[in-house]
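Listed below, chain by chain, are the residues.
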Amino acid sequence: MRTLVFARAPVAGQAKTRLIPALGAHGAARLHRRLVRQALAVASEASPGEVELWCAPDCRHPFFAECARDFGCSLHAQSAGDLGERMSAALVAALPALLLGSDAPRLDSDALRNASLALASGNDCVLVPALDGGYVMIGLSLPAPGLFLNMPWGGPKVLAQTRERCIRLGLSWAELAACPDLDRPEDLAFCPPHLLDGLPLAKGS
């Protein structure tokens, strides 16, 4: 089963921008690098030889080549469109597949293996909810572009609307244990300490 990791290039001012108030532009980009590598390590442990890194805005940043070398993942450029359109295009290339971002460092290889089992046991969709009302991972066993269209990404209703769409589309789904993601300065409390080593954390974060 393919495991897809979505990631932006770690460019200061363009990566993890909502964490810039706590870490500065360069600190946020450095953390993003570490988070992407963490996600690839977890994915590679769960699905050796079947990990794809989907890159934005393209695959040309040297960091992506470094990831391909270190983790043996293949590189793919994300398509045009909003997040939902890009996710749908990546997933339908070959199913079943799991897709995760790089901002949930508490997501482990056991969760990915359990997600694969949920699809293999007959579910059309599997989700790992985030604590903020979204989700940190989705898996599909069949094409379901309606899950992604016109979704209010980044808002607190993404998970609820995804459930509603599963019902409307007649999809069976499973949900695993919720996992925190790192979007805002207050979320850094959930970040494993080693990923923050040496970063310029602002007081009060």
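One can find the structure itself at the top, above this paragraph.
All values reported here derive from a predicted model rather than from experimental measurement.

Enquirer: I'd love a proper account of the packing of aromatic side chains, names of residues and values included.
Expert: The description of an aromatic ring pair uses the distance of the two centres, along with the angle that the planes make with each other. Under the defined criterion, the tally for this structure stands at three aromatic pairs. Seen in terms of ring centroids, Tyr 135 and Trp 153 are 6.3 Å apart; in terms of plane orientation they differ by 85°. Their pairing is edge-to-face. Of this pair, Tyr 135 sits in strand β6 (residues 135–140) while Trp 153 sits in the loop between β6 and α5 (158–169); the two residues are 18 residues apart in sequence, bridging distant segments of the chain. Assessed through its relative accessible area of 15%, Tyr 135 is described here as buried. What makes Trp 153 partly exposed here is its relative accessible area of 24%.

Enquirer: Just give me the short version of the pattern of salt bridges, but keep the residues and values in it.
Expert: When their charged atoms lie close together, side chains carrying opposite charge are able to pair. Considering all chains together, one arrives at ten salt bridges under this definition. For Arg 18, the salt bridge identified is with Asp 183, shortest N-O distance 3.5 Å. Of this pair, Arg 18 sits in the loop between β1 (2–8) and α1 (20–46) while Asp 183 is found in the loop between β7 (173–175) and α6 (193–196), placing the two residues 165 residues apart along the sequence. Among the residues examined, Arg 18 registers a relative accessible area of 41% and is labelled partly exposed.

Enquirer: Now, about the sheet that holds β6: what can you tell me, with residues and values included?
Expert: What the seven strands build is an open sheet, ordered β3-β2-β1-β4-β6-β5-β7; its pairing is mixed. With one partner strand each, in any of the chains shown, β3 (74–77) and β7 form the two edges of the open sheet. Pairwise comparison of adjacent strand axes, ignoring direction, gives a mean angle of 20° for this sheet. Across the sheet, α1 touches β1, β2 (51–56) and β4 (97–100), and the angle it forms with β1 is around 180°. The strands that helix α3 (residues 83–91) touches are β1, β2, β4 and β6; relative to β1, the one it contacts most, it runs at about 150°.

Enquirer: So what's going on with the environment of Ala 189? Residues and values would help.
Expert: Mapped onto the fold, Ala 189 is located in the loop between β7 and α6. Relative accessible area serves as the criterion here: at 69%, Ala 189 is assigned to the exposed category. As a C-alpha pair, Ala 189 and Ala 111 span 78 residues in sequence and 21 Å in three-dimensional space.

Enquirer: How would you sum up the packing of α1 against helix α4 (residues 109–120)? Please name residues and give values.
Expert: Two elements in contact, α1 and α4, have axes separated by 8 Å at closest approach and are oriented at 50°. With respect to each other, α1 and α4 are oriented oblique. Helix-helix and strand crossings are classified by hand; for α1 and α4 the assignment is right-handed. Counting all contacts with α1, which are made through Val 42, Ala 43, Glu 45 and Ala 46, the residues of α4 involved are Ser 109, Leu 112 and Arg 113. Within the contact of α1 with α4, the residues separate by chemical class into four nonpolar, one polar and two charged.

Enquirer: Give a detailed account of helix α2 (residues 62–71), specifying residues and quantitative values.
Expert: The set of residues buried in α2 consists of Phe 63, Phe 64, Glu 66 and Cys 67. End-on view of α2: buried residues confined to an arc of 155°, all on one side of the axis. For α2, the exposed residues set more than 90 degrees away from the buried face come down to Pro 62 and Arg 69. A positive phi of about 70° marks Gly 72, the residue just after α2.

Enquirer: Provide a residue-level description of the environment of Pro 129, including the pertinent values.
Expert: Tracing the backbone through its elements, the reader meets Pro 129 in strand β5 (residues 125–129). You can call Pro 129 buried: its relative accessible area is 7%. Separated by 38 residues in sequence, Pro 129 and Ile 167 have C-alpha atoms that sit 17 Å apart. Other than its neighbours up to four places away in sequence, Pro 129 contacts Gly 134, Tyr 135, Val 136, Leu 159, Glu 175, Leu 176, Ala 177, Ala 178 and Cys 179.

Enquirer: Describe the pairing of β1, and please don't skip the residues or the numbers.
Expert: Most of β1 is tucked away: six of the seven residues are buried. With four bridges joining them, β1 and β4 adopt parallel strand pairing. What sits directly across from Arg 2, in β4, is Ala 97. Relative to β2, β1 is paired through six bridges, and the arrangement is parallel. If you follow Leu 4 over to β2, its bridge partner there is Glu 52. The parallel pair β1 and β2 is bridged by α1, and the resulting crossover is right-handed.

Scoring rules and cut-offs
- Residues numbered from 1 in each chain as written.
- Predicted model: local features only at pLDDT ≥ 70, side-chain atom pairs only at ≥ 80, totals over all residues.
- Heavy atoms only, no water.
- Phe/Tyr/Trp six-rings, centres within 6.5 Å; stacked < 30°, edge-to-face > 60°.
- Helix = DSSP H or I, 4+ residues; strand = E, 2+ residues; numbered from the N terminus.
- Buried < 20%, exposed > 50% of the residue type's maximum accessible area, 1.4 Å probe, protein only.
- Salt bridge = Lys/Arg side-chain N within 4 Å of Asp/Glu carboxyl O.
- Pairing = 2+ DSSP bridges.
- Axes fitted to C-alpha atoms, helices over the stretch in contact; angles between N-to-C directions.
- Contact = heavy atoms within 4.5 Å.
- Parallel < 35°, antiparallel > 145°, perpendicular 65-115°, else oblique.
- Left-handed = near helix turned anticlockwise from the far one by under 90°.
- Nonpolar A, V, L, I, M, F, W, Y, C, P; charged D, E, K, R; others polar.
- Arc of directions from axis to C-beta.
- Right-handed = clockwise from strand over helix to strand, strands pointing away.

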